[in-house]
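This is what each chain is made of:
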Amino acid sequence: MNKKPSKTLTMTCLYEITKVLALSTDLRDCLKRSMSILAAFMGLKNGTVTIFNPVSGQLAIEVAHDMTAEARRRGVYKVGEGITGRVVASGRPMIVPDINEEPMFLNRTRSRGAVASKLMSFLCVPIRYDKNIIGTLSVDCEYREGGNFEEEIRLLTVLSGLFAQTVTRIQAVNEERDKLRHENSKLKLELSEKYQIDSIVSKSSRMQEVMEMIHRVADSNATVLLRGESGTGKTLAAKAIHYNSKRAGKPFIVVNCSALPETLLESELFGYERGAFTGALGTKKGRFEVAEGGTLFLDEIGDLAMNLQVKLLNVVQEREFQRLGSTRTRKCDVRLIAATNKDLEQAVADGSFREDFYYRLNVFPIYLPPLRKRPTDILLLAESFMHKFNQENDTRIERITTPAIDLLTLYHWPGNVRELQNCIERAMLICDEDSIKSYHLPPSLQSSGMSASKNPLSFSAAVENFERELLIEALKECYGNQTKAAKYLDSSLRVINYKIGKYGLDCSKFKLPRHTRHK
């Protein structure tokens with residue numbers, strides 16, 4: 001091309017390159033395509049983008065149109081070296097009217113052997129980001145009498161600005177993606193550590209049996225049915241199975257079968273095609289597809305409608321399903337864990353739960369005992385929750401007092417571990433001291449410390465609890481010495497002795513052992 005390009009052609013070229021840069025997330029690919037468009041529309045050959053490496057202090061070719069990999073590797077320049085290096089050093093565009101006559105044109109890539117006999121011009125502009133020169137954009141152009149390349153230089157300058165913005169945008173996207181990938185890996189590691197079998201807080205023999213069963217079934221693909229009252233930790237057990245299995249790196253998807261209406265639950269589980277029902281404006285993957293390779297946890301399976309039990313039976317048996325509105329059968333590789341607090345055997349007998357579905361789910365049942373059946377775990381769990389909420393709320397509550405422990409262990413915990421967690425969280429929110437005392441606990445727990453009275457906690461009972469708490473704390477502080485305890489509470493010895501007798505406290509329990517006393 002030995003004449004100036006028309007403005008229409010220039011604008012068309014600029015439009016096509018802008019489209020490529022705006023839609024791409026791959027820097028190298030969009031720069032390559034831009035160089036191809038420059039060659040096709042404008043006749044500008046050997047389009048090359050070099051990037052400055054601040055570590056090495058050199059310029060290296062990032063993308064070059066119609067240039068071999070070997071030629072690109074040779075194209076390395078120092079700042080100030082050759083035309084490319086001079087452009088970076090000066091920050092101004094440079095035009096070489098005839099590359100054969102210019103001693104500063106190094107032709108280090110050796111990619112112009114075939115055109116060396118022709119009269120060729122070389123145009124190079126800096127790529128600026130903010131106030132820094134981050135590289136150059138250069139092209140070869142057929143020689144033109146008078147050396148007027150104003151239109152081409154203007155186009156290349158505009159493109160260099162677009163390239164700088166694209167580099168910044170794609171780098172930001174890549175950094176964000178890398179950050180999210182790192183955070184995802186970190187979270188997966190934390191989840192894996194959090195749900196290790198050994199991390200489950202328990203010393204009771206019943207829970208030790210549960211952990212042994214989780215350990216045995218984790219690495220298999222067997223369907224697991226978790227049984228137990230609400231709040232006993234079925235979700236925690238399901239996560240422990242998943243994160244201790246070979247599927248730990250894949251998704252763990254939870255579906256609460258009682259939380260959604262029947263029609264919504266079906267589309268949520270199996271997904272749907274566009275037009276499958278009113279409002280299905282697009283295609284949506286179901287939870288079975290989302291959980292591919294991982295684990296699908298079906299919570300409250302006992303509340304599942306009969307027609308959905310039929311459809312799930314086929315998935316459990318064959319690991320096949322169809323999206324709503326589709327005739328295509330899809331395979332899935334998903335490990336199923338189900339949980340319920342219902343008496344499924346009774347539901348089968350009543351006809352509200354399919355017998356064949358029950359036997360398909362009941363491959364490896366695990367029963368989680370209620371908290372009242374594992375009293376040795378109550379204090380362990382309470383202290384674990386206390387440490388957890390200390391970290392979350394940046395508080396420093398160090399212990400649970402003896403009267404408070406007594407109330408915790410006497411209570412029957414109908415809500416199980418979940419109720420205990422809520423109880424400790426509430427106590428810590430209203431506690432302004434360094435220890436949780438009995439009066440920080442909910443009234444429902446304090447009434448459990450009374451005799452089998454059906455009346456709610458009275459004012460006098462609350463006062464008695466408070467007095468007993470103070471007495472125990474004073475006797476602990478004074479190692480069972482009533483005289484010192486009376487002084488500690490700013491009361492008389494007679495009153496203290498009366499209260500000790502009233503509440504049946506044994507002062508000898510608070511005394512120092514003999515071997516400690518004489519040290």
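Residues numbered from 1 in each chain as written. Predicted model: local features only at pLDDT ≥ 70, side-chain atom pairs only at ≥ 80, totals over all residues. Heavy atoms only, no water.

(A) Quick peek at the overall build of the chain. The secondary structure content of the chain amounts to 20 helices and 17 strands. The globule rule puts the C-alpha radius of gyration for 519 residues at 24 Å, and the 38 Å found for the chain is more than 25% above it. Principal-axis analysis of the C-alpha atoms places the extent of the chain at approximately 115 × 65 × 40 Å. The 519 residues of the chain split such that 42% are buried. Intrachain contacts of the chain at a sequence separation of at least 6 include 67% that bridge at least 24 residues. Put simply, the chain shows about 28,100 Å² of open surface, and 51% of that area lies on carbon and sulfur atoms. Here the chain contributes 74 positively and 63 negatively charged side chains, and the mean placements of these two sets differ by 2 Å. (Helix = DSSP H or I, 4+ residues; strand = E, 2+ residues; numbered from the N terminus. Rg over C-alpha atoms; globule rule 2.2 N^0.38 Å. Buried < 20%, exposed > 50% of the residue type's maximum accessible area, 1.4 Å probe, protein only. Contact = heavy atoms within 4.5 Å. Areas by Shrake-Rupley, 256 points an atom, 1.4 Å probe, with all protein chains shown as cover. Lys, Arg positive; Asp, Glu negative; His and termini not counted. Charge placed at Lys NZ, Arg CZ, Asp CG, Glu CD.)

(B) Quick peek at the pattern of salt bridges. Going through the model one piece at a time under the given rule, you end up with 27 salt bridges. Across the salt bridge formed by R28 and E62, the nearest N and O atoms sit 3.3 Å from each other. Separated by 34 residues along the polypeptide, R28 in helix α2 (residues 27-42) and E62 in strand β2 (residues 58-64) bring together distant segments of the chain. What makes E62 partly exposed here is its relative accessible area of 22%. In this structure, D356 engages R354 in a salt bridge whose closest nitrogen and oxygen atoms are separated by 2.7 Å. Looking at D356, the relative accessible area reads 32%, which means it is partly exposed. (Salt bridge = Lys/Arg side-chain N within 4 Å of Asp/Glu carboxyl O.)

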